[in-house]
Amino acid sequence: TYTANNILSGYTKCRELGIALELFDEIPNRDSVTWNSMIAGYINYGNVDSAWDILKSMIRGGFMVDGYTFGSILKGVACEGSVGLGMQVHSLIVKTGYEENVYSASALLDMYAKCDRVEEAYMVFQVMLERNSVSWNALIGGYAKLGDLHTSFILLRLMESEGVRFDDGTFAPLLTLLDDPEFYKTTTAVHSKIKKLGLEFNTTVCNALISSYSECGCIEDARKVFENAIKSRDLVSWNSMLAAYLGHNKETLAFKLFIEMQDLGFDPD
RNA sequence: GGUUUAAUCUUAU
């Protein structure tokens, strides 16, 4: 079964869901990993309904669901924004006693946040026994998406006081929110915090900083971040800087950048 | 190389 599971996940990662399903049907001794792999496969393929069907037969067959199961299915529910299904999963979590599992609870609160139910997300967050950076990030991201800077920053301070480490998932959504010249000072403050934590060369954080500075009207600061990130640029970095130049009507610079990125082996998308 | 399955995040569309 171990080997079969390994092959199964190979197929789902290649997005070969048809072959994966055939294999799945032929595995005689399926375990939780087999089922979870199939569910995750469908979710990553964007087929929530099939994933939900698999989950239902998994339960019908008496197999143990776990944090993997809920993490996967809720991710799909969150992307679709179908709260109804999310609530069904929620009650399943309660029924199976996975409310305090950090993966299922974080996925659950994220699902509520993405479905514009931040209140419920916060309630889930409150009853969690164990919280990691993903739990905090998901909640902060929820408020950030609403444009609630105030609450986001309060939570950020709380997160820090509880000793949970900030990471790229913490800063990126916050920076996205800082998209107007009135937030320029805030952006620089967040930037210095990022430097203090040694996240200044994190690719995702840099990319978000480039966009923020640009939207705050300071193309020069955006460019500085881009220059400093020379070792940690990815395609998004180039796209962000391009968008920044174009947003500031600097077509010539944008074009030079466009040439430069191709010289360095980045294929524009 | 620490690899059988899981949750949050950045650009563009």
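Residues numbered from 1 in each chain as written. Chains lettered and ligands numbered in written order. Predicted model: local features only at pLDDT ≥ 70, side-chain atom pairs only at ≥ 80, totals over all residues. Heavy atoms only, no water.

Enquirer: Can you tell me about the overall build of chain A, naming the residues and giving the values?
Expert: The secondary structure content of chain A amounts to 16 helices and zero strands. Based on the C-alpha atoms only, the size of chain A along its principal axes is roughly 60 × 45 × 30 Å. Counting across all 269 residues of chain A, residues that qualify as buried make up 45%. Looking at chain A alone, contacts between residues at least 24 apart form 55% of all its contacts between residues at least 6 apart. (Helix = DSSP H or I, 4+ residues; strand = E, 2+ residues; numbered from the N terminus. Buried < 20%, exposed > 50% of the residue type's maximum accessible area, 1.4 Å probe, protein only. Contact = heavy atoms within 4.5 Å.)

Enquirer: Lay out the protein's contact with RNA strand B with the relevant residues and their values.
Expert: Near RNA strand B there are 37 residues, and of these Asn5, Asn36, Tyr103, Asn132 and Ala172 occur at the shortest range. Sugar plus phosphate, as a fraction of atoms of RNA strand B within 4 Å of the protein: 51%. Take Asn5: an N or O atom from its side chain is 3.1 Å from a base oxygen of RNA strand B. Within the contact set of RNA strand B, a sugar or linking oxygen lies 3.2 Å away from a side-chain nitrogen or oxygen of Ser9. Where the surface near RNA strand B is concerned, the elements lending two or more residues are α1 (2-13), α3 (32-45), α5 (67-80), α7 (102-114), α9 (133-145), α11 (168-177), α13 (203-215) and α15 (235-247). When grouped by side-chain class, the residues that make up the surface near RNA strand B number 14 nonpolar, 18 polar and five charged. (Near = heavy atom within 4 Å. Polar contact = N/O pair within 3.5 Å; in protein donor to acceptor, adjacent residues only side chain to side chain. Nonpolar A, V, L, I, M, F, W, Y, C, P; charged D, E, K, R; others polar.)

Enquirer: Explain the side chain of His90 to me, using residue names and the numbers behind them.
Expert: Considering the arrangement of structural elements, one finds His90 in helix α6 (residues 83-96). By relative accessible area, His90 is classed as buried at 18%. Excluding residues within four positions of it along the chain, His90 makes contact with Glu99, Leu108, Tyr112 and Val124.

Enquirer: Outline the layout of surface pockets, supporting the account with residue identities and numerical values.
Expert: The volume enclosed by the largest pocket comes to roughly 200 Å³. In terms of lining, the largest pocket is formed by Asp110, Ala113, Lys114, Val134, Asn137, Ala138, Gly141, Gly142, Ala144, Lys145, Gly169 and Pro173. Only α7, α9 and α11 provide two or more residues apiece to the lining of the largest pocket. Among the elements that line the lining of the largest pocket, the one with the most residues is α9, at seven residues. In the lining of the largest pocket, the residues fall into five nonpolar, four polar and three charged. The calculated volume of the second largest pocket comes to roughly 160 Å³. If you trace the second largest pocket, you find it lined by His191, Lys195, Glu200, Phe201, Cys206, Tyr213, Asp221, Lys224, Val225, Asn228 and Ala229. Listing elements by their share of the lining of the second largest pocket, those giving two or more residues are α12 (184-196), α13 and α14 (219-228). With four residues, the top contributor of residues to the lining of the second largest pocket is α14. (1 Å grid on protein atoms, 1.4 Å probe; cavity = no way out; pocket = protein on both sides within 12 Å on 5 of 7 lines; lining within 4 Å. Points joined across faces, edges and corners; volume = space filled by probe spheres on them.)

Enquirer: Help me get a handle on a nonpolar patch on the surface, residues and values and all.
Expert: On the surface, a nonpolar cluster with roughly 240 Å² of combined accessible area is contributed by Ile7, Tyr11 and Ile19. The topology assignment puts Ile7 in helix α1. (Patch = residues over 30% accessible without salt bridge, like charges linked within 9 Å, V, L, I, M, F, W, Y side chains within 5 Å. Areas by Shrake-Rupley, 256 points an atom, 1.4 Å probe, with all protein chains shown as cover. Salt bridge = Lys/Arg side-chain N within 4 Å of Asp/Glu carboxyl O.)

Enquirer: Break down the side chain of Thr12 for me, citing the residues and quoting the values.
Expert: Positionally, Thr12 belongs in helix α1. Within the structure, Thr12 has its side chain in polar contact with the backbone oxygen of Ser9 (distance 3.0 Å). If we ignore the near neighbours within four places in the chain, the residues touching Thr12 are Leu17, Ala20, Ser37 and Gly41.

Enquirer: Lay out the packing of α5 against α6 with the relevant residues and their values.
Expert: α6 packs onto α5 with a crossing angle of 165° between their chain directions and a minimal axis gap of 10 Å. Taken together, the axes of α5 and α6 are roughly antiparallel relative to one another. In terms of crossing hand, the pair formed by α5 and α6 is left-handed. Note on element contacts: α6 touches α5 through Leu85, Gly86, Val89, Leu92, Ile93 and Thr96, opposite Phe70, Ile73, Leu74 and Val77. For the contact of α5 with α6, the residue count by class is eight nonpolar, two polar and no charged. (Axes fitted to C-alpha atoms, helices over the stretch in contact; angles between N-to-C directions. Parallel < 35°, antiparallel > 145°, perpendicular 65-115°, else oblique. Left-handed = near helix turned anticlockwise from the far one by under 90°.)

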